Number of protein chains: 2
Amino acid sequence: MRVDIAKGILEKNDGLAAENRRMFAESGVFVVDLMASPGAGKTSTILATIAALRDRYRIAVIEGDIASRVDAEKISAHGIPAVQINTGGACHLESDMIRRAVATLDLVELDLLIIENVGNLVCPTDFDLGENAKVMILSVPEGHDKPYKYPNIFQVAEAVILNKYDTVSFFDFDEAEFREVVGSLNPAAPIFPMAATKGDGVDAWAAWLTDRIEAARAGESA
Amino acid sequence: MRVDIAKGILEKNDGLAAENRRMFAESGVFVVDLMASPGAGKTSTILATIAALRDRYRIAVIEGDIASRVDAEKISAHGIPAVQINTGGACHLESDMIRRAVATLDLVELDLLIIENVGNLVCPTDFDLGENAKVMILSVPEGHDKPYKYPNIFQVAEAVILNKYDTVSFFDFDEAEFREVVGSLNPAAPIFPMAATKGDGVDAWAAWLTDRIEAARAGESA
């Protein structure tokens, strides 16, 4: 259950996020917060990212869900450390949940930590987790009109993955309109068409992420 | 922005919901609260429902979204009264929003009011709007594992529409597992496979809804 919240809750979260961010920087780990609707392909995108970058980087994953451990089990099956957070009812992750989850990981042995937020286009946008970058996924079946309806998430994301791109001809998805609206909300964000389960389009996304990781290492972090 | 909320908020909402429910009953209007992820096909399902039932019932629609009027405009284009609620940031509708929205409608001239909740599998589950029935839509591309991750919404729904069913062979959707898990969470809820944009499977859903409306009229409302 949720409501519009007092400013104090966000301030408390922001303070813990700043602590997380310092901890991540000191450990030399780059952190991505991946946000999307339920079923947009967050876990598949993480698996594709692992396949693309595991030879170069040591990776771990934090999985956020209301309930169940199915996603963490999917990741662990690939030999990647995965921590499951069950939020109970909460529709987003918060910085204190992240701090408790990373306590079970050996951060200095990691290069990249991917956080899968709870499936939701609203709640995760307001909560800084101390990540280096928030990235969002929209899947083609959700429709090209989503940036009109959920503008905030498109604004806070540093990159947008357009997943299930192999279905673009099946659904009535107007990619030109989608790019135009996302571009007006967030001109700097690249859009990466991808079919994560097939590996299509993963290279461009992985190259962008690699650039961001290397830039952070070179002390040029945004 | 959201957080776990005080019991008082829900109690206040429940009180207003009871008032809404009395108002709807006195006006003889049956109210459905339609819940789903972003892009699952709520608006398409409403349009298909309108096409199936507009000759029999006088219908109006309340559209809930964070932002934009695109859904209300789609409904109005079909000659059906539609009221758009923009929640700003809130990830669900509440009873006071519904009360303000219905103030713009002539309830006694209506038989069926369909409320499209904000696209979200979490937040809307806790908020009674005074509706006769909560119904949820899961779309096939979201995946058959969603009942594990979002059990509450499958439990509060009186019926489950499985939309974009025409894509079931395209996606790796295990319908048997889906039915088994939904059945364990909510044994009484029927599951209606549907392809709303094509009109496939709408008849069974429309027949169920008609039965519910007529039962309510006969004073047998659940």
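Chemist: So what exactly am I meant to see when it comes to the overall build of chain A here?
Modeler: For chain A, the helix and strand inventory stands at 8 helices and 7 strands. Relative to the globule expectation of 17 Å for 222 residues, the C-alpha radius of gyration of chain A, 16 Å, shows essentially globular dimensions. Each of the 222 residues in chain A was classed as buried or not, and the buried ones make up 51%. Taking all contacts inside chain A whose residues are at least 6 apart in sequence as the whole, residues at least 24 apart take part in 74%.

Chemist: Please explain the relation of the copies chain B and chain A as it appears in this structure.
Modeler: Between chain B and chain A, which share one sequence, the superposing operator has a rotation angle of 180° and an axial displacement of 0.0 Å; the RMSD is 0.0 Å. Both copies are brought into coincidence by an operation consistent with a two-fold rotation axis. A high fraction, 100%, of the interface residues of chain B reappear at the interface in chain A, so the copies pair face to face through one surface.

Chemist: Got a minute to help me understand the packing of helix H2 (residues 42–53) of chain A against helix H8 (residues 202–217) of chain A in this structure?
Modeler: When two helices pack together, their arrangement is given by the angle between the helix axes and the distance between those axes. All names here are of chain A. With their axes 10 Å apart at the nearest point, H2 and H8 run at an angle of 70° to one another. Comparing the axis directions of H2 and H8 gives the class roughly perpendicular. Residues Ala48, Thr49, Ala52 and Leu53 of H2 form the contact with H8, whose participating residues are Val202, Ala206, Leu209 and Thr210.

Chemist: Is there a simple way to explain the environment of His78 of chain B in this structure?
Modeler: Residues and elements named next belong to chain B. Its location among the elements puts His78 in the loop between helix H3 (70–76) and strand E3 (82–86). Each C-alpha atom of the pair His78 and Leu47 lies 8.2 Å from the other, and the pair is 31 residues apart in sequence. Apart from the residues within four sequence positions on either side, His78 is in contact with Leu47 and Ile50.

Chemist: In this structure, what is going on with the interface of chain B and chain A? I would like to understand it.
Modeler: Accessible area lost when the parts come together is the quantity often used to give the size of an interface. Counting residues at the interface gives 37 residues for chain B and 37 residues for chain A. For the side of chain B that touches chain A, the secondary-structure elements that each account for two or more residues are helix H1 (7–27) and helix H5 (146–149) of chain B. Broken down by element, the side of chain B that touches chain A gets its largest block of residues, 3 residues, from H5 of chain B.

Criteria and cut-off values
Residues numbered from 1 in each chain as written. Chains lettered and ligands numbered in written order. Predicted model: local features only at pLDDT ≥ 70, side-chain atom pairs only at ≥ 80, totals over all residues. Helix = DSSP H or I, 4+ residues; strand = E, 2+ residues; numbered from the N terminus. Rg over C-alpha atoms; globule rule 2.2 N^0.38 Å. Buried ≥ 20, exposed ≤ 12 C-beta atoms within 10 Å, placed from the backbone. Contact = placed C-beta atoms within 7 Å. Least-squares fit on C-alpha atoms with pLDDT ≥ 70 in both. Axes fitted to C-alpha atoms, helices over the stretch in contact; angles between N-to-C directions. Parallel < 35°, antiparallel > 145°, perpendicular 65-115°, else oblique.

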